[in-house]
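Understanding the architecture of this molecule
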Amino acid sequence: GGRGGISRGPEGLSEGVGGVGDLVVAGQTGELVPPGDPESLAEGMRGFLMDLAKGKRFAQAGNKRAREAFDLMGMVGAYEALFEAVLVEKGGGCGRVPR
């Protein structure tokens with residue numbers, strides 16, 4: 001589970017709890033089942049066992065999503081932009097931080 005799982009190839013089937021929906025895009029990078037619903041989980045598992053190619057497609061799509069959406073430098077840049085915007089809004093902005 002989590003980001004580490006997606007970067008290696010997602011399991012493909014997850015409970016829709018917490019931030020999992022940010023990682024797993026239902027029908028594209030995996031399937032989400034309601035939390036605490038063992039029948040839905042079992043049905044999802046059967047679906048993956050009956051269609052092994054689906055798991056492979058989801059793994060490839062999840063790996064691509066992890067590289068694009070959760071790239072370290074991209075996330076650092078997004079945080080920098082957020083912090084700068086907050087500073088400017090509060091009147092304390094001084095432009096980009098020198099590196």
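Residues numbered from 1 in each chain as written. Predicted model: local features only at pLDDT ≥ 70, side-chain atom pairs only at ≥ 80, totals over all residues. Heavy atoms only, no water.

Focus: the overall build of the protein
Helices and strands together make up the secondary structure of the protein, namely 5 helices and 2 strands. For the protein, the α and β elements follow one another from N to C terminus as α-β-α-β-α-α-α. Relative to its full complement of 99 residues, the protein shows a buried share of 18%. Considering only residue pairs separated by 6 or more positions, the protein has 39% of its internal contacts joining residues 24 or more positions apart. (Helix = DSSP H or I, 4+ residues; strand = E, 2+ residues; numbered from the N terminus. Buried < 20%, exposed > 50% of the residue type's maximum accessible area, 1.4 Å probe, protein only. Contact = heavy atoms within 4.5 Å.)

With respect to the packing of aromatic side chains
Under the counting rule described, the total for this entry stands at 2 aromatic pairs. For the cation-ring pair, Lys54 lies above Phe48, with the distance from its terminal atom to the ring centre recorded as 4.8 Å. (Phe/Tyr/Trp six-rings, centres within 6.5 Å; stacked < 30°, edge-to-face > 60°. Lys NZ or Arg CZ within 6 Å of the ring centre and 35° of its normal.)

Overview of the pattern of salt bridges
Oppositely charged side chains can form a pair if their charged atoms are brought close together. Taken as a whole and judged by the stated rule, the model has 2 salt bridges. Arg57 is the salt-bridge partner of Asp51, the closest N and O atoms lying 3.9 Å from each other. Since its relative accessible area comes to 29%, Asp51 is described here as partly exposed. Look at Arg57 and you get partly exposed, because its relative accessible area is 46%. Between Lys64 and Glu68 there is a salt bridge, and its shortest N-O distance comes to 3.3 Å. Taken together, the positions of Lys64 and Glu68, both in helix α4 (residues 52-69) and 4 residues apart, correspond to about one turn of that helix. Accessibility expressed as a relative area gives 44% for Lys64, which makes it partly exposed. (Salt bridge = Lys/Arg side-chain N within 4 Å of Asp/Glu carboxyl O.)

Describing helix α5 (residues 72-89)
Taking 1.5 Å of rise per residue, the 18 residues of α5 would be expected to cover 26 Å, and the 26 Å separating its terminal C-alpha atoms lies within 8% of that figure. Looking at where α5 begins, the residue whose side-chain oxygen comes 3.3 Å from the main-chain nitrogen of Met73 is Asp71. Of the residues flanking the end of α5, it is Gly91, one or two places downstream, whose phi is positive at about 85°. (Expected span 1.5 Å × (residues − 1). Polar contact = N/O pair within 3.5 Å; in protein donor to acceptor, adjacent residues only side chain to side chain.)

Describing a nonpolar patch on the surface
Taken together, the side chains of Met75, Tyr79, Leu82, Phe83 and Val86 make up a nonpolar region of the molecular surface, amounting to roughly 480 Å² of accessible area. Structurally, Tyr79 is set in helix α5. (Patch = residues over 30% accessible without salt bridge, like charges linked within 9 Å, V, L, I, M, F, W, Y side chains within 5 Å. Areas by Shrake-Rupley, 256 points an atom, 1.4 Å probe, with all protein chains shown as cover.)

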